[in-house]
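# Structural features, examined
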Number of protein chains: 2
Amino acid sequence: MARTRRSVTIIDVAKAAGVGVSTVSRVINNKGYVSEETHQRVSEVIDDLGYAQNLAARSMRSQQTNLIGLIMPDVTDPFCIELMRGVSRAIIELDYDLIIYTNGDIRRNDSNTRMQQYVSILNSSVADGVIIVIPLADDFPPVSPVVSIDLNINHPSGPAVIATNYQGVREAIDHLFELGHRRIGYIGGRMELMSGVQRQKAFEDAFKEAGLPLDDRLMLPGEFTFSAGYQRGLELLSLDEPPTAIFASNDQAAKGVYQAASELGFRIPDDLSVVGFDNIPEAAYMGLTTVDQHVEQMGYMGTKMLYRLIQEDDPEEDIYQIETTLVVRGSCQPFDH
Amino acid sequence: MARTRRSVTIIDVAKAAGVGVSTVSRVINNKGYVSEETHQRVSEVIDDLGYAQNLAARSMRSQQTNLIGLIMPDVTDPFCIELMRGVSRAIIELDYDLIIYTNGDIRRNDSNTRMQQYVSILNSSVADGVIIVIPLADDFPPVSPVVSIDLNINHPSGPAVIATNYQGVREAIDHLFELGHRRIGYIGGRMELMSGVQRQKAFEDAFKEAGLPLDDRLMLPGEFTFSAGYQRGLELLSLDEPPTAIFASNDQAAKGVYQAASELGFRIPDDLSVVGFDNIPEAAYMGLTTVDQHVEQMGYMGTKMLYRLIQEDDPEEDIYQIETTLVVRGSCQPFDH
DNA sequence: CTGTTAGCGCCTTCAT
DNA sequence: ATGAAGGCGCTAACAG
């Protein structure tokens with residue numbers, strides 16, 4: 001980097017205005033006593049010189065930054081976008097600013113570096129608090145308050161927002177049962193995450209309690225991605241006796257199933273019923289029956305929780321549960337034996 | 001903020017490991033010579049203490065942060081999301097990280113504070129370079145390299161990525177002409193932005209060159225928002241002689257027009273043809289004929305440009321133009337007089 | 001190979 | 001009402 005231009009600092013302003021740095025600081029932050037006249041002069045110089053605070057330096061000194069950090073694996077993912085929406089809404093209400101930190105893609109999984117980075121952000125005083133989506137990090141002593149969205153199964157500590165995954169999947173599977181489906185494929189999610197585990201357990205329990213046998217070949221591990229859904233969808237639909245319905249552990253994966261079905265000549269819902277999870281905006285257009293986990297709300301509540309943490313350092317509730325809702329659309333049809 | 005917990009610093013690590021701070025620094029950043037043995041010991045201490053770099057301090061000292069900043073008015077807007085997608089893709093390729101900075105909502109328009117904040121970010125060494133979407137800021141001496149997406153009409157300086165707005169709108173209007181439409185409503189965009197100005201000029205020129213009269217009542221100022229589209233849509237369709245087609249200056253506004261049309265009993269495309277601009281993903285589902293300005297690509301190219309700027313401080317091309325493409329879908333129908 | 005030291009730009013006492 | 005001076009945590013010379 002060749003750039004050597006140096007920005008104008010508080011010292012430059014002080015010199016130009018013929019005052020001390022602390023006076024300039026007072027003017028900038030509007031605290032402490034400054035004579036009207038001095039204030040005026042300093043303000044002018046600031047304008048003239050085009051001075052602007054250096055955030056890094058500022059946050060290093062002072063406690064409060066009025067910034068809330070959002071750490072996400074992938075800004076491209078609809079879940080994350082929806083969540084951002086909620087965070088954004090809360091941010092506006094709270095008059096905070098938002099810094100979203102991401103390494104661009106969940107797949108770039110050089111975990112060690114990642115984790116290190118995450119922790120750095122927490123540690124830095126660049127944000128007053130942080131929301132972590134899909135927490136992968138080990139446990140560590142966070143300096144800033146942290147709220148996580150979803151939970152890591154291995155380190156379930158700390159305040160979090162999470163949907164009633166279990167209940168949601170139960171409803172979804174019961175819905176399929178009612179429609180007469182018995183051979184139901186399951187495409188799993190990340191098993192390090194509470195959501196992945198809970199959804200799978202719900203699926204298994206639904207069968208157990210209904211006294212129905214679970215077919216191992218119909219339960220595939222997966223991920224919360226389109227391509228996982230696609231791959232697993234292909235596998236399921238290529239079985240000698242393919243399932244009549246597939247539950248995908250999120251809508252992205254469900255989209256993948258759509259793709260797989262289309263390629264293999266299965267029509268939805270005629271030949272195959274599909275249920276997803278999340279209710280991303282696209283689901284409405286797809287006519288996908290899915291479990292709404294009110295992602296926007298998760299982001300909103302998470303941010304509010306974080307705010308309380310920042311203010312009082314005292315989490316009222318550790319884990320905030322968001323009630324899921326089954327949204328029935330056109331992707332499922334009765335199955336007649 | 002009551003929190004006084006102090007994080008473990010590089011000094012703590014140095015002490016605990018019985019080495020100097022610079023050695024620790026070398027280990028962390030993997031540069032300079034450190035004996036295998038020392039490296040080992042320091043690494044262990046780092047793990048034990050749960051040390052993590054303080055980003056603020058780091059970026060204050062060093063030139064490079066490997067962070068690219070993206071300043072957006074509104075993370076919620078489909079345009080911005082699409083753009084983010086492209087930036088994100090480039091980020092991954094370049095092995096940078098991404099910090100997205102936003103004040104949550106374009107409507108929170110306390111411009112002065114905003115601008116000040118923007119400049120602060122630029123000034124701070126928190127990011128190696130910055131991409132500004134919809135630049136509102138005055139001209140100022142930026143310390144970090146900046147690439148803007150779209151251009152402020154008042155300060156059109158600096159490298160930027162912008163679509164061929166003029167050409168795009170011309171094509172769109174010509175399309176409507178060919179379908180037989182003559183009474184075409186126009187809902188404008190932000191006129192501080194190059195895109196807003198260019199699109200409007202193209203609309204006017206299309207009529208002029210076709211030798212058709214422009215009806216003032218059919219040309220409404222607007223914004224790039226749903227509600228603007230909705231309001232203006234209502235106005236246009238409530239005219240004694242409503243237009244047979246409406247060009248909305250972006251897809252969000254077009255969505256608003258859909259809403260207005262639906263409320264007033266206009267069917268699209270039977271009673272009203274609609275064209276948008278942007279080609280946001282939703283447009284496909286809506287069946288909206290629109291001008292694709294390849295927003296993802298804009299983000300991608302912008303980031304690449306920025307990268308070059310960071311590396312060489314020498315912008316090869318100042319303004320990168322993205323070719324628009326007319327995407328014909330079902331929202332337009334021939335109009336027979 | 002490793003330690004010491006001087007700032008980076010700012011805010012905050014503490015004097016004046 | 002204002003100025004001087006001491007760090008915040010870190011990296012980058014410069015010495016050993």
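## Some details on the overall build of chain A
- On a plain count of helices and strands, chain A comes out with 12 helices and 12 strands.
- Counting all 337 residues of chain A, 56% fall into the buried class.
- Within chain A, counting contacts between residues at least 6 apart in sequence, those at least 24 apart form 71% of the total.
- Carbon and sulfur atoms make up 49% of the accessible area of chain A, which totals about 14,200 Å².

## Here we look at the pairing of strand β2 (residues 97-102) of chain A
Residue and element names in this part refer to chain A.
- The buried fraction of β2 amounts to 6 of the 6 residues, a majority that puts the element mostly inside the structure.
- The side-chain alternation of β2 yields two buried faces, one formed by Asp97, Ile99 and Tyr101 and the other by Leu98, Ile100 and Thr102.
- For strand β1 (residues 67-72) and β2, the ladder comprises 6 bridges, and the chain directions are parallel. Paired with Met72 across the two strands is Thr102, which belongs to β2.

## Things to note about the protein's contact with DNA strand C
- If you check the shell around DNA strand C, you find 26 residues, and the closest are Ile10 and Gln53 of chain A together with Thr23, Thr38 and Arg61 of chain B.
- The sugar-phosphate share of atoms of DNA strand C within 4 Å of the protein amounts to 57%.
- One of the side-chain N or O atoms of Thr23 of chain B is found 2.5 Å from a phosphate oxygen in DNA strand C.
- A distance of 2.6 Å separates a base oxygen of DNA strand C from a polar atom in the side chain of Arg26 of chain B.
- Of all the elements in the fold, those that place two or more residues in the surface near DNA strand C are α2 (21-29) and α4 (55-61) of chain A together with α2 (21-29) and α4 (55-61) of chain B.
- Considering only residue class, the surface near DNA strand C consists of 9 nonpolar, 12 polar and 5 charged.

## Considering the sheet that holds strand β8 (residues 245-248) of chain B
All names here are of chain B.
- Across the sheet, 6 strands lie side by side as β7-β6-β8-β9-β10-β12; this open sheet has mixed pairing. One side of each edge strand has no neighbouring strand; the edge strands of this open sheet are β7 (219-220) and β12 (325-327).
- Sheet topology places strand β10 (residues 289-292) next to β12; 3 bridges connect them, and they run antiparallel. The residue of β12 that forms the bridge with Thr290 is Val327.
- Along the sheet face, helix α7 (residues 165-178) touches β6 (184-187), β8, β9 (273-278), β10 and β12 and points at about 165° away from the line of β9.

## Comments concerning the protein's contact with DNA strand D
- Neighbouring residues of DNA strand D: 29 residues in total, closest Thr23, Thr38 and Arg61 of chain A together with Ile10 and Tyr51 of chain B.
- At 2.7 Å, a backbone N or O of Gly20 of chain A approaches a phosphate oxygen of DNA strand D.
- Within the side chain of Ser25 of chain B, an N or O atom sits 3.2 Å from a phosphate oxygen of DNA strand D.
- Breaking the surface near DNA strand D down by element, the ones donating at least two residues are α2 and α4 of chain A together with α2 and α4 of chain B.
- Along the lines of polarity and charge, the residues of the surface near DNA strand D split into 10 nonpolar, 12 polar and 7 charged.

## Brief notes about the domain arrangement of chain A
- Under the domain assignment, chain A is made up of domain 1 (10-53), domain 2 (65-163 + 295-322) and domain 3 (165-293).
- A separation of 62 Å is found between the C-alpha centroids of domain 1 of chain A and domain 3 of chain A.

## Observations regarding the sheet that holds strand β10 (residues 289-292) of chain A
Residue and element names in this part refer to chain A.
- The strand order across the open sheet built from 6 strands is β7-β6-β8-β9-β10-β12, with neighbouring strands paired in mixed fashion. The two strands at the open ends of the sheet, each matched to only one other strand, are β7 (219-220) and β12 (325-327).
- Together, β6 (184-187), β7 and β9 (273-278) form the strand contacts of helix α8 (residues 194-209), whose direction differs from that of β6 by roughly 165°.
- Strands β6, β7 and β8 (245-248) of the sheet are contacted by helix α9 (residues 226-237), whose axis makes an angle of about 150° with β6.

## Let's talk about the pattern of salt bridges
- One pass over the structure, following the stated rule, counts 24 salt bridges over all chains.
- In this structure, Glu192 of chain A engages Arg190 of chain A in a salt bridge whose closest nitrogen and oxygen atoms are separated by 2.8 Å.
- For the salt bridge of Arg170 of chain B with Glu209 of chain B, the shortest nitrogen-to-oxygen distance reads 2.9 Å. Taken as a pair, Arg170 of chain B in helix α7 and Glu209 of chain B in helix α8 (residues 194-209) lie far apart in primary sequence, 39 residues in all.
- By relative accessible area, which is 14% here, Arg170 of chain B ends up buried.
- Since its relative accessible area comes to 60%, Glu209 of chain B is described here as exposed.

## Points about helix α9 (residues 226-237) of chain B
All names here are of chain B.
- The terminal C-alpha atoms of α9 lie 16 Å apart, and with 12 residues this matches the ideal 16 Å at 1.5 Å per residue to within 8%.
- All buried positions along α9 are accounted for by Ala228, Gly229, Tyr230, Gly233, Leu234, Leu236 and Leu237.
- Looking at the buried side of α9, the elements it contacts are β6, β7, β8 and α10 (251-263).

## Remarks on the pairing of strand β4 (residues 146-149) of chain B
Residue and element names in this part refer to chain B.
- Alternating positions in β4 separate into two faces, Val146 and Ser148 on one and Val147 and Ile149 on the other, with burial throughout.
- Looking at chain direction, strand β3 (residues 129-133) and β4 are connected through 4 bridges and run parallel. Pairing of Ile131 across the sheet is with Val147, part of β4.
- Alignment of β4 against strand β5 (residues 160-163), held across 2 bridges, turns out to be parallel. Bridge assignment links Ile149 to a residue of β5, and that residue is Val161.

## A closer look at α8 of chain A
All names here are of chain A.
- Taking 1.5 Å per residue, 16 residues should reach 22 Å; α8 reaches 22 Å between its end C-alpha atoms and fits that length.
- Listed in full, the buried residues belonging to α8 are Met194, Ser195, Gly196, Arg199, Gln200, Ala202, Phe203, Asp205, Ala206 and Phe207.
- Where α8 is buried, its residues contact β5 (160-163), α7 (165-178), β6, β7 and β9.
- Taken from the residues just after α8, Gly211 is the one with a positive phi, measuring 70°.

## Describing the packing of aromatic side chains
- All chains considered together, the criterion is met by 13 aromatic pairs over all chains.
- Geometrically, the ring pair formed by Tyr186 of chain A and Phe247 of chain A is stacked, given 5.7 Å between the ring centres and 15° between the ring planes. Here Phe247 of chain A lies in strand β8 and Tyr186 of chain A lies in strand β6, a separation of 61 residues in the sequence. An identical accessibility class is assigned to Tyr186 of chain A and Phe247 of chain A; each is buried.
- Taking 5.2 Å as the distance between ring centres and 75° as the angle between the ring planes, the aromatic pair formed by Phe177 of chain B and Phe207 of chain B counts as edge-to-face. With a gap of 30 residues between them, Phe177 of chain B in helix α7 and Phe207 of chain B in helix α8 connect regions that are remote in the sequence. Comparing Phe177 of chain B with Phe207 of chain B, the two get one shared label, buried.

## Looking at the side chain of Ser331 of chain B
- Secondary-structure assignment places Ser331 of chain B in the segment after β12.
- Excluding its chain neighbours within four sequence positions, the residues that come into contact with Ser331 of chain B are Tyr258, Ile268, Pro269, Leu272, Ser273, Val274, Gly287, Leu288 and Thr289 of chain B.

## Considering the packing of α9 of chain B against α10 of chain B
Residue and element names in this part refer to chain B.
- At their nearest, the axes of α9 and α10 sit 6 Å apart, and the two run at 45° to each other. Compared by their axis directions, α9 and α10 come out oblique. Handedness of the crossing formed by α9 with α10: right-handed. Residues Phe226, Gly229, Tyr230, Gly233, Leu234 and Leu237 of α9 pack against Gln252, Ala253, Lys255, Gly256, Val257, Gln259, Ala260, Ala261 and Glu263 of α10.
- Of the residues that constitute the contact of α9 with α10, the class distribution is 8 nonpolar, 5 polar and 2 charged.

Rules and cut-offs
Numbers given to residues run from 1 along each chain, matching the order in which its sequence is written. Labels are handed out in written order, letters beginning with A for the chains and numbers beginning with 1 for the ligands. Where totals are concerned, whole chains, interfaces and linings use all residues; where local detail is concerned, this predicted model gives features only for residues with pLDDT of at least 70, and gives and counts side-chain atom pairs only at 80 or more. Side-chain numbers come from the whole structure's heavy atoms, not from hydrogens or water. Starting at the N terminus, helices and strands are each numbered in turn, a helix being any DSSP run of H or I of at least four residues and a strand any DSSP run of E of at least two. Exposure classes here rest on a 1.4 Å probe applied to the protein chains alone. A residue is buried below 20% of its type maximum, exposed above 50%, and partly exposed in between. Between two residues, a contact is recorded if the distance between any of their heavy atoms is within 4.5 Å. To be clear on the numbers: accessible area is Shrake-Rupley with a 1.4 Å probe, and residue cover counts the displayed protein chains and nothing else. Note on pairing: two strands pair once DSSP finds at least 2 bridges between them. The criterion for a residue being near a molecule or strand is simple. One of its heavy atoms has to lie within 4 Å of it. Under the rule applied, a polar contact is a pair of N or O atoms within 3.5 Å (in protein, one hydrogen donor and one hydrogen acceptor; residues adjacent in sequence only if both atoms are side-chain atoms). Here the nonpolar group is Ala, Val, Leu, Ile, Met, Phe, Trp, Tyr, Cys and Pro; Asp, Glu, Lys and Arg are the charged ones; every other residue, Gly included, is treated as polar. Lines fitted to C-alpha atoms define the axes, with helix axes restricted to the stretch in contact, and inter-axis angles between N-to-C directions lie between 0 and 180 degrees. Here the limits of each domain have been adopted from an automatic or database domain assignment. Any carboxyl oxygen of Asp or Glu within 4 Å of a side-chain nitrogen of Lys or Arg constitutes a salt bridge here. Multiplying 1.5 Å by the helix residue count minus one yields the expected span of that helix. For this analysis, a ring pair means two rings from Phe, Tyr or Trp (six-membered ring only for Trp) whose centres lie within 6.5 Å, classed as stacked if their planes differ by under 30 degrees, edge-to-face if by over 60, and tilted for the remaining angles. Here is the rule for angles: anything less than 35 degrees is roughly parallel, anything more than 145 is roughly antiparallel, 65 through 115 is roughly perpendicular, and the remaining ranges are oblique. Crossing handedness is defined as follows: a turn of the near helix away from the far one that is anticlockwise and smaller than a right angle gives a left-handed crossing, while the clockwise case is right-handed.

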